Amino acid sequence: MFEIERDWRPLAGALLPTPLPSARALLADFTRYTTDHRWNRKVHEPSARVLRVAATWLGADTVFREDEIRALHRVCGGKGRIHGLVAFLDQREQLVRSAPRSNRHEAFVQRTITAFPPRISDELATWVRVLRGTSRSHHRVTDYATLRRYLVYLATPLADWSTRYTTLRQVTEADVTATVTAVKGPRAHERAVAIRSLFRALKHAKLVFVDPSRGLRITRQELLPTTLAPGRLAGLLEASSNPATRLVLALVALHATSGTDLRNLALSDVLLARRQLMIRRPHGRHVVHLDDTTAALLDAWLRYRHRRWPRTINSHLLITQQTANATDPVSSDYVYRRFDPAGLTLRAVRGDRILDEARETEDPVHLVRVFGISITTAMKYIHTAHPHRGGPIPA
């Protein structure tokens, strides 16, 4: 990559020769493409500059490499986003895609593991393989983001054990109890969960004979759902005239849709004839039955979306000026910021909606069916709405 940038650098700032007719034709096609997709000038010009340099020096009929285009974009100043140009070239079959970037969470996990002494590092690598499902068929695969959190929770215990032991087989029940009770509250629970995960996996792989976390018991202090003041929810939809924002607000305030579900919704998940949304999750599906208000807002957004980006290749329901030229979902920040003008958070509005429904029923199964939440989560809301039911809150 360094050599690519070094080769491009003299050309990026140079006075370019007049483009050949084929290059001019390619630039004209790109201009039509950006016009059709409603790009503004600040987005179009940096990408057009990159394409002009590439087409002038390499030829307009060249099949460009994605890493070269991205490197040229950086040495040209790196202004704006480049994935729209990448998508344009890909549609014309003039692009060779780069190899997928390594997952940053995976990179963190591997980097952290290799920093430990060899034997402990090998045991941690086995733990990762077990949780990733390579040695347990039909078992839920743990994502690298979760493994990263576990390693953060385990940082202090592992640092201590690696100075005293050469293998995790030497860790005792007393060691586990001491490291968990050294912290309080949620941190103790997080550390206990990570330690249990580690030693259960090592026991499964037969690297330890006795699980030292087997008798570990930590009570977590539950944060119960709270109610928003009625005044803070009143007029929520009137707080914005943006069709996407109004749809997000309605789906959260009326149907308790999560931020992840909103980002992942695709156009194919919209069942207008049935007035339904199909929410697809890794372990199942949940159908949202739309009320009149949400159905009207969804229709308004779809009309606006088609007028604004009639030729977008992005199949997600929610798109922005940036993602309309690619296939990525909107960012999590985009979804959560919809609530900022009202001084609220997505999580608070969603929790308030579920709690409001819980007040109308004492049946947790009803909450599961309406909102697609787990039975454990439903019981927490039922307990908050009807404390007379008594009994412990599910952990």
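Right, let's walk through the structure included here. (Residues numbered from 1 in each chain as written. Predicted model: local features only at pLDDT ≥ 70, side-chain atom pairs only at ≥ 80, totals over all residues. Heavy atoms only, no water.)

Another point: the overall build of the chain. For the chain, the helix and strand inventory stands at 18 helices and five strands. The 395 residues of the chain split such that 44% are buried. Across the chain, contacts joining residues at least 24 apart in sequence account for 60% of those joining residues at least 6 apart. Only carbon and sulfur atoms are counted for the fraction: they give 52% of the accessible area of the chain, which is about 21700 Å². (Helix = DSSP H or I, 4+ residues; strand = E, 2+ residues; numbered from the N terminus. Buried < 20%, exposed > 50% of the residue type's maximum accessible area, 1.4 Å probe, protein only. Contact = heavy atoms within 4.5 Å. Areas by Shrake-Rupley, 256 points an atom, 1.4 Å probe, with all protein chains shown as cover.)

Here the structure, examined in full by the defined rule, presents 16 salt bridges. Between Asp175 and Arg164 there is a salt bridge, and its shortest N-O distance comes to 3.5 Å. Of this pair, Asp175 sits in helix α9 (residues 173-181) while Arg164 sits in helix α8 (residues 144-164), and the two are 11 residues apart along the sequence. (Salt bridge = Lys/Arg side-chain N within 4 Å of Asp/Glu carboxyl O.)

The next point concerns the sheet that holds strand β5 (residues 284-289). Taken in spatial order, the three strands line up as β3-β4-β5 in an open sheet, and their pairing is antiparallel. In this open sheet, the two strands that pair with only one neighbour each are β3 (270-271) and β5. Where β3 lies against strand β4 (residues 276-281), two bridges are found, and the strand directions are antiparallel. Note that in β4 the partner of Leu271 across the bridge is Gln276. (Pairing = 2+ DSSP bridges.)

Turning our eyes to something else, we now look at the packing of aromatic side chains. Enumeration according to the criterion identifies eight aromatic pairs in this entry. One Lys or Arg, Arg148, reaches over the ring of Phe108 and ends 4.2 Å from the middle of that ring. Directly above the ring of Tyr334 sits Arg338, whose terminal nitrogen or CZ lies 4.0 Å from the centroid. (Phe/Tyr/Trp six-rings, centres within 6.5 Å; stacked < 30°, edge-to-face > 60°. Lys NZ or Arg CZ within 6 Å of the ring centre and 35° of its normal.)

In this section: the packing of helix α6 (residues 104-114) against helix α7 (residues 118-131). One can describe the packing of α6 onto α7 by two numbers: an axis separation of 8 Å at closest approach and a directional angle of 155 degrees. With respect to each other, α6 and α7 are oriented roughly antiparallel. When α6 is examined against α7, the residues Val109, Ile113 and Thr114 are found in contact with a partner set consisting of Ser121, Leu124, Ala125 and Val128. Of the residues that constitute the contact of α6 with α7, the class distribution is five nonpolar, two polar and no charged. (Axes fitted to C-alpha atoms, helices over the stretch in contact; angles between N-to-C directions. Parallel < 35°, antiparallel > 145°, perpendicular 65-115°, else oblique. Nonpolar A, V, L, I, M, F, W, Y, C, P; charged D, E, K, R; others polar.)

The phi torsion at Ala256 lies on the positive side, around 55 degrees, for a residue other than glycine. Positive phi, normally seen in glycine, also occurs at Arg275, with a value near 55 degrees. Within the fold, Arg275 resides in the loop between β3 and β4. Note on Arg275: relative accessible area 34%, which makes it partly exposed.

Mapping Thr126 onto the fold places it in helix α7. Judged by its relative accessible area of 13%, Thr126 is buried. Spatially, the C-alpha atom of Thr126 lies 9.5 Å from that of Leu198, the residues being 72 residues apart in sequence. If sequence neighbours within four positions are ignored, Thr126 has contacts with Ala205 and Leu207.

This part takes up the side chain of Thr257. Tracing the backbone through its elements, the reader meets Thr257 in the loop between α12 (243-255) and α13 (259-264). Taking relative accessible area as the criterion, Thr257 reaches 3% and is therefore assigned buried. Here Leu251 takes part through its backbone oxygen, which lies 3.0 Å from a polar atom of the side chain of Thr257. Other than its neighbours up to four places away in sequence, Thr257 contacts Leu251, Val252, Leu262, Ile279, Leu346 and Arg350. (Polar contact = N/O pair within 3.5 Å; in protein donor to acceptor, adjacent residues only side chain to side chain.)

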